[in-house]
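# Structural characterization, general
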Amino acid sequence: MKLKKQWAMLLAVVIVLGVALTACGKKEDTQTVGEAGQQTEQNGASDYEGEKVLDYYLSSEPQTLDPQQMWGQPDIQVENMFMEGLMRFGKDDSSLEPGVAKGYTYDEATNTYTFELREDAKWADGTPVTADDFFFAWRLAIDTSGAYSFLIADYIEGAADYAAYDKVAFLTEKDANFEKLNEEEQGARIEAMTEEELNAFQAKKDELWKNVKAVAEGNTISITLAVPAPYFPNLTAFAVYAPVKEEFYNEQSAANKYGIEAEGLLANGPWKVAEWVHKDYFKLVKNENYWNKDNIHIDVINMKIVNDVETRTNLLKTGVLDGSAIQSKDVPDFEDVAILDELNLQPMINRSDFSIFYVDFNHFDNPITQNANIRKALMYAMDRTSFVEKINIGDRPALAIVPEDFPGLEKTFREENEMELFEDNNKEKAKEYLAAGLKELGMTELPTLDLLIGDGDIDQKVAEKFQADWKEIGINVNLVPLPWAERLTRLQNGDFGMSASGWGPDYPDAMTFLELFESVNPNNNGRYNNPGYDKLIQAAKTERDAQTRIQYLYEAEKILIEDAVVAPMYFRNVHFTFKNYVTGVVIRGVGATTDFYWADIDMNAKNIEKQK
Amino acid sequence: MLKYILKRLLMALGTLWVIATLTFFLMHALPNDPFTDPKLKPEVKQALRVKYGLDKPLSEQYIIYMKNIAKGDLGTSIKYPGRSVSDMIKQSFPKSFALGWRALIIAVVFGIFFGVVAALNHQKFLDYLSIIIAIIGVSIPSIILGPILAYLFGVQLGWFPVTVDKTQWSLILPSITLALSSLATISRLMRTTTLEVLGQDYISTAKSKGLSRYQIVWKHVLRNAIMPVITVLGPLFAALITGSIVVEKIFAVAGLGEYFVSTITEQDYPMIMGITIFYAALIILSILIVDIIYGFIDPRLRIAGKGGK
């Protein structure tokens, strides 16, 4: 969800300039700033009559605020403020808060979740949010091929069939000769469909939609799943599951404003978008029709769009922003208590953003990287500990695939499946593997290997560190910086040995990382193909029992490391700090990063500081 | 004159067509397409390609595109689905323009002033000072100057906001950053041409007639030395008002400059085309305006009126 073009994103968040400052002592992972609950009730509302205004930022212009179409982080960030699904993201990474639904029950026998809708859930225009608004939205997501529509199509029973039935399927059914046409002719035939045919197609679609097992009964929505997914309730907090009011959608789509202008957004969440000046700023104001408005403390949220991290730091220092993410190179600065005191800032929140960065190997068209011993030599030679101390300050060494703190069954996945699955920086072991690998290949030394990397400065800095490690055991690696589109072309053509990659989760389950290496996964760049591994993933995807299911996932992750399918580099951490007068901000890894749902702001203190 | 302008406008259309065609085929020669995001499923990518007509043969896409521009339709962005390219340009351009015209005034006024002062004090202190300023201006890129100004006058001294907000005040730092290299170019150009003019016979004549130094500089030197500056003014104007990615990034300006780079890396085809055509049209137009202004400043160049040149 967060990794767009992975390395380009890295560039934005982590700018590494100098090497070696003070070692960064990682604080315990705290998700909440200040003492949320207690304080807000007492101070917050008591002695301030005026509007409570929070000044924050967005890292870039959202591509779209159409919940069914979005996939980028700034989009999701804003969506979480003005929209609300059946459930909301909770205060930590696996918990949920009630949203439009008061809660849900699960029936194991039928794999059905039943959500009870609240009567007082309203749209910003005062009309009630109904079950039909949800059904309309979900169908819309599939019909318009929204980026995350698979979160609906792959889960709800019947939805996959509905999604798969397109005009090609319709015409194939109707006319046996259609299949024999070439692609261009098929395209022409589709464009030439008569009105009668279109109606018939639509009727067939309607019929298929009736088979989708999401039904309203009284004030409940029951959803029967096609697959076991213990994390399904979390999915209902994602943008793609948000409701859409049909009438508003049709009206604003016709005006070409839906999801792209402030007027084209109808809120049902805690705030509504009052102003959206493209690429410049957002102004959100409290939604007076929101059912839980009494517990929403902040009246106005101003968000200026600031791409540049350095500029963001300047804004934080000059008091224009009430908080900000801190880039890796500034982490030592903001760990300094004197600086925090001077700027009236709280200690930083350091936490994983759940992305992993690793080296992809070619498993299908390169004899050297197809050799497991060579891959292991490369994997063991890397010194990640000194890398996160000197280069990417504040990040964590990746000695497994699923990132630290990512939810498992009861605890975090890492706690359940060992914190480290292999040893960092073991040059002796690396040399042994190299010798074994060379013997198998019948070589005396390896030719220089190419490592494809992104074309930013950071990509270069990161790669140089590991290049030096590899050189120590006698493997020469040549760095090849390429723009993403070109790198992708080479990956697709198998024209590579190694490539730097990254991945962030799409949903809060370890499967989102592990299914990447299934042979059929389109993002399996190295085309790792292990029937045993595929079987495990499929078994996990169909297993109803959560205990058994997670065992499959543990085992799958271990295979990835034993086989050195990829060489993990690091888990990325994010760092945030807020002014002392802001409390209750939640920073999380999956979904909207920053959440002000429980936040409060001491305006008296803020105004005093502003006057200074 | 009217006939001349019409002829030039016609030529401009031809030039635009050549530029649009070249850009169209060059951008499609880039590897891959806009839908390279690993987060998009293959079937979603395919649906998007169909939606934007990228599944059709290139020649067909070209014909469709050209037909649309002829109707004045620049299409919709791929990166920002649903938003029309012309709206996006319309929304961003005023923000770049607000900085651009200020930068232009700073560059022209101070550039000419420094240039003339330097020339009048040839090989004296003020001359060296202005040369130093010019060298600094040319050699310090805005990516260095911007952060320095923002840090010094914004963070440390607190005189100016560090980003552009709704106040006039906040436009000063970015305008200066944007102006500096043009200022340096103009002052060097002005210095050279002023020195040249100062050596002319008619200046000696004016001096011997007993005209005051002020009158000589104002009436004779400036008017003759300024011509080459006006020549560069056209393209400079177009460049400044369309914004700079660097200045806009540092000062968080919601301008057009960013698109010149981001649209290419994102391969947002309709935006690349829209922005290229817009920029090309601006340059062609400002060159035309400069050519017309020539006539007013220097009557000798008014041959254009006779349909020549």
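These numbers come from a predicted model, not from an experiment. (Residues numbered from 1 in each chain as written. Chains lettered and ligands numbered in written order. Predicted model: local features only at pLDDT ≥ 70, side-chain atom pairs only at ≥ 80, totals over all residues. Heavy atoms only, no water.)

On the surface, Glu183, Glu184, Glu185 and Glu191 of chain A together with Asp55 and Glu60 of chain B cluster together into a patch of negative charge. Looking at which element gives the most residues to the negative patch, the answer is helix H8 (residues 183–191) of chain A, with four residues. Relative to the helices and strands, glutamate 60 of chain B is located in helix H3 (residues 58–70). (Patch = residues over 30% accessible without salt bridge, like charges linked within 9 Å, V, L, I, M, F, W, Y side chains within 5 Å. Areas by Shrake-Rupley, 256 points an atom, 1.4 Å probe, with all protein chains shown as cover. Salt bridge = Lys/Arg side-chain N within 4 Å of Asp/Glu carboxyl O. Lys, Arg positive; Asp, Glu negative; His and termini not counted. Charge placed at Lys NZ, Arg CZ, Asp CG, Glu CD. Helix = DSSP H or I, 4+ residues; strand = E, 2+ residues; numbered from the N terminus.)

Right, let's talk about empty space enclosed by the protein for a bit. Residues and elements named next belong to chain A. In total, this model carries five cavities of 30 Å³ or more according to the counting rule given. Along its surface, the second largest cavity is lined by Pro67, Phe82, Met83, Trp123, Pro243, Val244, Lys245, Phe248, Tyr258, Gly264, Leu265 and Leu266. Taken together, the residues of the lining of the second largest cavity break down into 10 nonpolar, one polar and one charged. (1 Å grid on protein atoms, 1.4 Å probe; cavity = no way out; pocket = protein on both sides within 12 Å on 5 of 7 lines; lining within 4 Å. Points joined across faces, edges and corners; volume = space filled by probe spheres on them. Nonpolar A, V, L, I, M, F, W, Y, C, P; charged D, E, K, R; others polar.)

Take the interface of chain B and chain A next. When the parts of a complex come together, some accessible area is lost, and that lost area is often taken as the interface size. Taken together, the contact between chain B and chain A spans 38 residues of the former and 46 residues of the latter. Between chain B and chain A lies a buried interface of about 3500 Å² when both sides are counted; carbon and sulfur atoms form 56% of it. Considering only the surface of chain B that becomes buried against chain A, Pro38, Lys39 and Arg83 of chain B emerge as the three largest contributors, covering 20% of it. Across the contact surface, chain B and chain A share four salt bridges. (Contact = heavy atoms within 4.5 Å. Buried area = accessible area lost by both parts, 1.4 Å probe.)

In this section: the packing of aromatic side chains. In the structure shown here, the tally under the stated rule is 52 aromatic pairs over all chains. Each ring, one from tyrosine 56 of chain A and one from phenylalanine 578 of chain A, has its centre 5.8 Å from the other, and the planes form 15 degrees; the classification is stacked. Taken together, the residues span a long stretch of sequence, with tyrosine 56 of chain A in strand S1 (residues 53–58) and phenylalanine 578 of chain A in strand S17 (residues 566–578) at a distance of 522 residues. Where tyrosine 249 of chain A meets tyrosine 258 of chain A, the ring centres are 4.7 Å apart and the plane angle is 75 degrees; that geometry is what we call edge-to-face. A residue is classified by how much of its surface remains accessible, and tyrosine 258 of chain A, at 14% relative accessible area, is buried. Over the face of the ring belonging to phenylalanine 354 of chain A we find arginine 351 of chain A, whose NZ or CZ atom lies 5.1 Å from the ring centre. Lying across the ring of tyrosine 80 of chain B, arginine 83 of chain B places its NZ or CZ 5.5 Å from the centre. (Phe/Tyr/Trp six-rings, centres within 6.5 Å; stacked < 30°, edge-to-face > 60°. Buried < 20%, exposed > 50% of the residue type's maximum accessible area, 1.4 Å probe, protein only. Lys NZ or Arg CZ within 6 Å of the ring centre and 35° of its normal.)

Moving on, we get to the nonpolar core. If you look at the biggest cluster of nonpolar residues, it comprises 211 residues, and the most contacted ones within it are Trp138, Trp470 and Leu514 of chain A. Sorting elements by how many residues they give to this core places helix H4 (residues 131–143) of chain A first, with nine residues. When near neighbours in sequence (up to four residues on either side) are disregarded, tryptophan 138 of chain A contacts Leu86, Ile152, Ile156, Trp209, Ala214, Ile221, Ile223, Val240 and Tyr241 of chain A. In terms of nonpolar packing, the next biggest core, distinct from the first, is built from 35 residues, Leu178, Ile203, Leu222 and Val253 of chain B among them. (Core = buried A, V, L, I, M, F, W, Y, C linked by side-chain atoms within 4.5 Å.)

Residue and element names in this part refer to chain A. Across the sheet, four strands lie side by side as S1-S10-S9-S8; this open sheet has mixed pairing. Strand pairing shows two members of the sheet lacking a second neighbour, S1 and strand S8 (271–277), which therefore form its edges. In this sheet, adjacent strand axes meet at a mean angle of 20 degrees when their direction is disregarded. Where S1 lies against strand S10 (residues 300–305), six bridges are found, and the strand directions are parallel. The residue of S10 that forms the bridge with aspartate 55 is asparagine 302. (Pairing = 2+ DSSP bridges. Axes fitted to C-alpha atoms, helices over the stretch in contact; angles between N-to-C directions.)

The subject of this paragraph is the confidence of the model for chain A. Within chain A, residue pLDDT values average 88, and 92% of them lie at 70 or more. Predicted confidence for residues 1–46 of chain A stays below pLDDT 50, and this span has 122 contacts to residues more than four positions away or in other chains. (pLDDT = per-residue confidence, 0-100.)

Let us look at a nonpolar patch on the surface. Residue and element names in this part refer to chain B. Residues Ile132, Ile136, Ile140, Ile143, Ile144, Ile148, Leu152, Leu157 and Trp159 make up a contiguous nonpolar surface patch of roughly 820 Å² in combined accessible area. Residue assignment for the nonpolar patch shows that the elements contributing at least two residues are helix H5 (125–139) and helix H6 (142–156). Ranked by residues supplied to the nonpolar patch, first place goes to H6 with four residues. Mapping leucine 157 onto the fold places it in the loop between H6 and helix H7 (172–198).

So, on to the sheet that holds strand S7 (residues 220–224) of chain A. Residue and element names in this part refer to chain A. Strands sit in the order S4-S5-S7-S6 across an open sheet of four strands; the sheet is antiparallel. The open sheet terminates on both sides in strands that have one partner only, identified here as strand S4 (101–107) and strand S6 (214–217). Geometrically, the sheet is characterised by an average inter-axis angle of 20 degrees between neighbouring strands, direction not taken into account. Across four bridges, S6 lies against S7 in antiparallel orientation. In the sheet register, valine 215 faces S7, and the bridge partner there is serine 222.

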